[in-house]
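# Breakdown of the fold
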Amino acid sequence: MKLKFACIALLLALSAPAQAAEAVKKDGALEKSKMVDLLKGIDQRIRSSGDYKALVYLEQRERDKTDVVREALAYRRDADEKLMILFTKPKTEAGKGYLRIDKNLWYYDPSVGKWERRTDRERIAGTDSRRQDFDQSKLAEEYEPVLEGQEKLGNFDVWILKLAAKPGVDVAYPVVKLWIDKATGNDLKRQDFALSGRLMRTSYIPKWQKLYSESKKAELWYRQEIRIFDEIDKSNSTLVIVKSVDLNPLPENIFTKAWLESKSR
């Protein structure tokens, strides 16, 4: 829990809801179109028009267990909505991976040599992370936003949006709350809720980074650090750090089961 308190102290000194409500009264509420634009802005900044490869560090903390550190390579081809996560460290995890093609998420374990279909609710490698933490963003396509208020989040002025999944859309969490930085449009905090309204996890994004994409002819942003806290078992947490990003073209056949299987031989 010290990690959570330190993160909150660093970034997230929240003002009271009543203060946020009063601020909305003074400054006026956002129009629906403006809220949708905020979501589209996040989606567009993260989206790559070419290929994307990231070296990712994951640190998992669980009650009464030794901390587990993993490294993985995350590959994306946003134009085709394809994603692959290949674990490389430690040795016991190397070769395991996830592949998303045709809106289906598959998991491969080389020790058993077979693929299993998973849902977006899958805990990636048993951590508190989900597929959405590694993939492109589709907030505007998947959710309807409602303004909950505005406040100070540490030193940042933020909008608070509550998102409800659109009918027929398959997402990990049907209700999401976002704290969006007014200056950059980036999300700094996220809460994910079950349909019952129960808070499932809270994520903080204290670090964003950007680099120029030749294929996009614009800057591509990515969440360099995500701190995820399990709200069911509050002693559990996951730290995700993107250590490097490469935007060079990937092999054409990379997003296949055969390619991932070949990396475990």
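Look up: the structure comes first, before these words.
Now for a quick tour of the structure. (Residues numbered from 1 in each chain as written. Predicted model: local features only at pLDDT ≥ 70, side-chain atom pairs only at ≥ 80, totals over all residues. Heavy atoms only, no water.)

This part takes up empty space enclosed by the protein. Scanning all chains against the criterion turns up two cavities of 30 Å³ or more. Around the largest cavity sit 20 residues that line it, and Gln-132, Asp-133, Ser-137, Leu-139 and Arg-190 are the ones nearest its centre. Mapped by element, the contributors of at least two residues to the lining of the largest cavity are helix H4 (139–142), strand S10 (187–193), strand S11 (199–213) and strand S12 (218–230). Top contributing element to the lining of the largest cavity by residue count: S11, with three residues. Broken down by class, the residue content of the lining of the largest cavity amounts to six nonpolar, four polar and ten charged. What the second largest cavity holds in volume is close to 150 Å³. Lining the second largest cavity are 15 residues; nearest its centre among them are Tyr-52, Arg-76, Asp-133, Phe-134 and Arg-223. Every element with two or more residues in the lining of the second largest cavity is listed here: strand S1 (51–61), strand S2 (68–77), S12 and strand S13 (237–246). (1 Å grid on protein atoms, 1.4 Å probe; cavity = no way out; pocket = protein on both sides within 12 Å on 5 of 7 lines; lining within 4 Å. Points joined across faces, edges and corners; volume = space filled by probe spheres on them. Helix = DSSP H or I, 4+ residues; strand = E, 2+ residues; numbered from the N terminus. Nonpolar A, V, L, I, M, F, W, Y, C, P; charged D, E, K, R; others polar.)

This part takes up helix H3 (residues 32–46). Under the 1.5 Å per step criterion, the end-to-end length of H3 is 22 Å for 15 residues, consistent within 8% with the ideal 21 Å. When H3 is considered as a whole, its buried residues turn out to be Met-35, Leu-38, Leu-39, Gly-41, Ile-42, Asp-43, Arg-45 and Ile-46. (Expected span 1.5 Å × (residues − 1). Buried < 20%, exposed > 50% of the residue type's maximum accessible area, 1.4 Å probe, protein only.)

Cis geometry marks the peptide bond from Lys-89 to Pro-90; its omega dihedral reads -5 degrees. Here Pro-90 lies in the loop between strand S3 (82–89) and strand S4 (97–101). Phi at Glu-81 takes a positive value of approximately 55 degrees, unusual for a residue other than glycine. With respect to the helices and strands, Glu-81 occurs in the loop between S2 and S3.

Moving on, we get to the pattern of salt bridges. Think of it this way: side chains of opposite charge can pair up when their charged atoms draw near. Scanning the entire structure with this criterion turns up 33 salt bridges. In this structure, Arg-118 and Glu-122 form a salt bridge, with 2.5 Å as the shortest nitrogen-oxygen distance. Look at Arg-118 and you get partly exposed, because its relative accessible area is 21%. Where Lys-177 meets Glu-148, a salt bridge forms, and the shortest distance between an N and an O atom there is 3.1 Å. Pair noted here: Lys-177 is in strand S9 (residues 175–181) and Glu-148 is in strand S7 (residues 143–153), with a separation of 29 residues, a long-range link. By relative accessible area, Glu-148 is classed as partly exposed at 41%. Within this structure, Arg-100, Asp-120, Arg-131 and Asp-135 form a network of salt bridges that share partners. (Salt bridge = Lys/Arg side-chain N within 4 Å of Asp/Glu carboxyl O.)

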